[in-house]
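Next come the chains, spelled out residue by residue.
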Amino acid sequence: MPPSNSQTGTYRRRIVRVLWPGTLLIAGVAGCVAGPDFAAPPAPTAADYTADPLPNLAHSDTTLDSALAAPAQWWAPLNSPRLDSTIRAALAANRSLDAARSTLAEAQAFSAASEAGRYPHVDLDASAGRQKYGAAFLGPERLPPFTYFSIGPAVSYSFDFAGGVRRTIEQQRAMTDYQQRELDAAALSVSGNVAIQALAAARAQIDNLEVLLEDDRSDLKLVQDSFADGAATRVDLLNAQSQLANDQTLLPPLRRDLSTASHALALLVGRTPAEWTPPDFRLDEFNPPARLPLTVPSELVHRRPDILAAEAQLHAATAALGVASANLYPQVSLTGSASLQADALHALFDASSAAGGLAGSLTAPLFDHGALRAKQRAAVAAMHASLANYEQVVLSSFAQVADALEALDHDQELLASEQGAVAIAAENLALTRESYSAGNSGVLQVLEAQRQNQQARIGLVHAQSQRLQDTVQLLLALGGRTPASAMM
């Protein structure tokens, strides 16, 4: 579960105490930093993701182990080399990931630029012009027009007494962290979509349906022969024809889904469907893992990139509040200049042309019709919104893990049922064939038993595919790792 109401309330009260007006006054002392210092929300204390136990999963051939270290590549437990190569190709060429990398580079550049506020700024000023002063400058005195030249450095420095510069740097660093987490989340999403589409592109259901259609054609041939010999009726012939026609309608949707999955894989690897064809994935090349790492709730908040991104946003919003609070205090700056000035270019570098100046300034807000206070209140509201968003992301993440666990539990139940159905159908087919050999049943009974056997096998393949897809969803929900080397 996410942080409890009492934990969240404590977190909010700690922020409010920091923002109390008396504390804000103290923050104006030199060396202090206005606004609250960021602290990550407390980790959840819940031990489980679901309220009820998962009995079917507990007795399955896959063990959930909270002590098992997460693999360096989340898809490694599926044991598919071709899936590994396809995911790596997608991570290297996906356009959405390219955009996320560029956005991260932009944030890093802004963060580096914000660091400049710590240091003095030095500029080189150079000017030349012609000036004429009127009576408003010297009264009755008159100065003839003159030409001037000037060149020299100018230095400016703002003293960060209230910590506005430091909070700005902190905010930019938090935004860089946010973009990094967004890149991690995008890479996880891309790799997960590749795995899901690869499973959808597996031809197991089509292969089994084609076997069923071949059986339907064989059954129809047998009924046609029996009808020609007078051993079958017209109704039997129509039933066999109808069965073949009905089963044929199941094949086009599966082929459409296969094409859609193939096109989706091409898009994920940054290619067009016309220029790239995915590997011919087979369902039996994805081996269900015997052990799966189960990250405990208290650790999930430190692993899932979307939770870490929401935490970084909360950090940035907290720093932005510090910036708004620092703007309530006086701003002190120092400027200095040294220059060479002359009224003739050839005299510019004479010793007598040296000039300079040093000035300090203090700017304090006196009356702005409450604008700065309103901006601070807006920053407080934005921080509370970021906290609520963080809590919602944690809630959604835990719900996704719970959904995946429940799905795997029901998958195991379905898989056991389908395995039982296959065993019964196979036994029924064997007995029906024996009865037919003994002359106790007709060919139609044998054909129906064959059909039931093949349908049971199709159901088993579907259950196996669904379990693999839900295994992928669990690995993703647990914040599976995507190695940085695979994302370059």
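In what follows, the structure referred to is the one given above.
On a predicted model such as this, the values are computed, not experimentally measured, just so you know.

1. Remarks on the packing of aromatic side chains
Thought 1: According to the stated counting rule, one finds seven aromatic pairs in the structure shown.
Thought 2: Between Phe-146 and Tyr-148, the ring centres sit 6.4 Å apart and the planes meet at 55°, which makes this aromatic pair tilted.
Thought 3: The exposure class of Phe-146 is partly exposed, given its relative accessible area of 27%.
Thought 4: On the basis of relative accessibility, which here comes to 30%, the residue Tyr-148 falls in the partly exposed class.
Thought 5: For the pair Phe-281 and Phe-286, a centre-to-centre distance of 5.9 Å together with 35° between the ring planes defines the contact as tilted. The two residues Phe-281 and Phe-286 agree in class, both being buried.

2. Considering the sheet that holds strand β6 (residues 354–363)
Thought 1: Strand order across the open sheet formed by four strands is β2-β3-β5-β6, with antiparallel pairing between neighbours. Looking at strand neighbours, the two that pair on one side only are β2 (121–131) and β6, the edges of this open sheet. Neighbouring strand axes in the sheet, compared pairwise and without regard to direction, differ in orientation by 20° on average.

3. Notes on the pairing of strand β5 (residues 331–342)
Successive residues of a regular strand alternate their side chains across the two faces of the sheet.
Thought 1: With nine bridges joining them, strand β3 (residues 146–159) and β5 adopt antiparallel strand pairing. Across the sheet, Ser-158 pairs through a bridge with Ser-333, a residue of β5.
Thought 2: Summarising the sheet, β5 and β6 pair through ten bridges and their orientation is antiparallel. The residue bridging Ser-333 from the neighbouring strand is Ser-361, located in β6.

4. Considerations on the side chain of Thr-86
Thought 1: Among the secondary structure elements, Thr-86 is positioned in helix α4 (residues 81–93).
Thought 2: Looking at Thr-86, the relative accessible area reads 4%, which means it is buried.
Thought 3: What Thr-86 contacts, discounting residues up to four positions off in sequence, is Val-194, Val-269, Trp-276, Pro-279 and Phe-281.

5. Describing the nonpolar core
Proteins that are soluble and globular tend to have nonpolar side chains buried together.
Thought 1: Core analysis: the largest hydrophobic core is formed by 71 residues, its most contacted members being Tyr-49, Trp-74, Leu-83, Val-401, Leu-405, Val-472 and Leu-474.
Thought 2: Here the element with the most residues in this core is helix α7 (residues 164–201); it accounts for ten residues.
Thought 3: Not counting chain neighbours up to four residues away, the residues in contact with Val-401 comprise Tyr-49, Leu-300, Leu-474, Ala-477 and Leu-478.
Thought 4: Membership of the second largest hydrophobic core comes to eight residues, among which are Ala-324, Val-380, Met-383 and Leu-387.

6. Here's the deal with the packing of α4 against helix α5 (residues 95–114)
Thought 1: Two elements in contact, α4 and α5, have axes separated by 6 Å at closest approach and are oriented at 45°. As the angle between them shows, α4 and α5 are arranged oblique. Contact residues: α4 offers Ala-90, Leu-91, Ala-92 and Ala-93, while α5 offers Arg-95, Leu-97, Asp-98 and Arg-101.
Thought 2: For the contact of α4 with α5, the residue count by class is five nonpolar, no polar and three charged.

7. So, the packing of α4 against α7
Thought 1: Contact pair α4 / α7: the axes reach a minimum separation of 9 Å and the direction vectors enclose 140°. Put simply, α4 runs oblique to α7. Crossing of α4 over α7 shows right-handed handedness. Of the residues in α7, those in contact with Leu-83, Thr-86, Ile-87, Ala-90 and Leu-91 of α4 are Ala-187, Val-190, Ser-191, Val-194, Ala-195 and Ala-198.
Thought 2: A breakdown of the residues in the contact of α4 with α7 according to their chemical character gives nine nonpolar, two polar and no charged.

8. Notes on a nonpolar patch on the surface
Thought 1: Taken together, Tyr-133, Phe-137, Leu-138 and Leu-143 make up a surface patch of nonpolar side chains, about 350 Å² in accessible area.
Thought 2: Assessed through its relative accessible area of 48%, Phe-137 is described here as partly exposed.

9. Brief notes about the side chain of Ser-386
Thought 1: One can find Ser-386 in helix α13 (residues 371–437).
Thought 2: Leaving out residues up to four positions away in the same chain, Ser-386 has contacts with Gln-313, Leu-314 and Ala-317.

Procedures and definitions
- Residue positions are given per chain, counting from 1 as you read along its sequence in written order.
- For this predicted model, a pLDDT threshold of at least 70 governs which residues receive local features, and a threshold of 80 or more governs which side-chain atom pairs are given and counted, while totals over whole chains, interfaces and linings are taken from all residues.
- Only hydrogens and water are set aside; all other atoms, that is, all heavy atoms of the structure, feed into the side-chain values.
- To pair, rings of Phe, Tyr and Trp, with the six-membered ring standing in for Trp, must have centres within 6.5 Å; the planes then decide the type, stacked if under 30 degrees apart, edge-to-face if over 60, and tilted in the middle.
- Categorising residues by exposure relies on relative accessible area from a 1.4 Å probe, with only protein chains included: less than 20% of the type maximum marks a residue as buried, more than 50% marks it as exposed, and the intermediate range marks it as partly exposed.
- We treat two strands as partners when DSSP finds at least two bridges between them.
- Secondary structure elements follow DSSP: runs of H or I no shorter than four residues count as helices, runs of E no shorter than two count as strands, and numbering proceeds from the N terminus.
- Axis definition: a line fitted to C-alpha atoms, limited for helices to the stretch in contact. Angles are taken between N-to-C directions and run from 0 to 180 degrees.
- Contact between two residues is taken to exist if any of their heavy atoms lie within 4.5 Å; hydrogens are not considered.
- Here, nonpolar core means buried Ala, Val, Leu, Ile, Met, Phe, Trp, Tyr and Cys residues that are tied together by side-chain atoms lying within 4.5 Å of each other.
- Just so you know how the angles are binned, under 35 degrees is roughly parallel, over 145 roughly antiparallel, 65 to 115 roughly perpendicular, and the rest oblique.
- Only Asp, Glu, Lys and Arg are considered charged, only Ala, Val, Leu, Ile, Met, Phe, Trp, Tyr, Cys and Pro nonpolar, and every remaining residue, Gly among them, polar.
- We call a crossing left-handed when the near helix sits turned anticlockwise from the far one by less than a right angle, and right-handed when that turn is clockwise.
- Note on patches: the residues involved have over 30% relative accessible area and no salt bridge, like charges join within 9 Å, and the nonpolar side chains Val, Leu, Ile, Met, Phe, Trp and Tyr join within 5 Å.
- Per-residue accessibility takes into account occlusion by the displayed protein chains alone, with areas from the Shrake-Rupley method and a 1.4 Å probe.
- Throughout this description, the term salt bridge denotes a Lys or Arg side-chain nitrogen within 4 Å of a carboxyl oxygen of Asp or Glu.

Shape descriptors only; they carry no functional weight alone.
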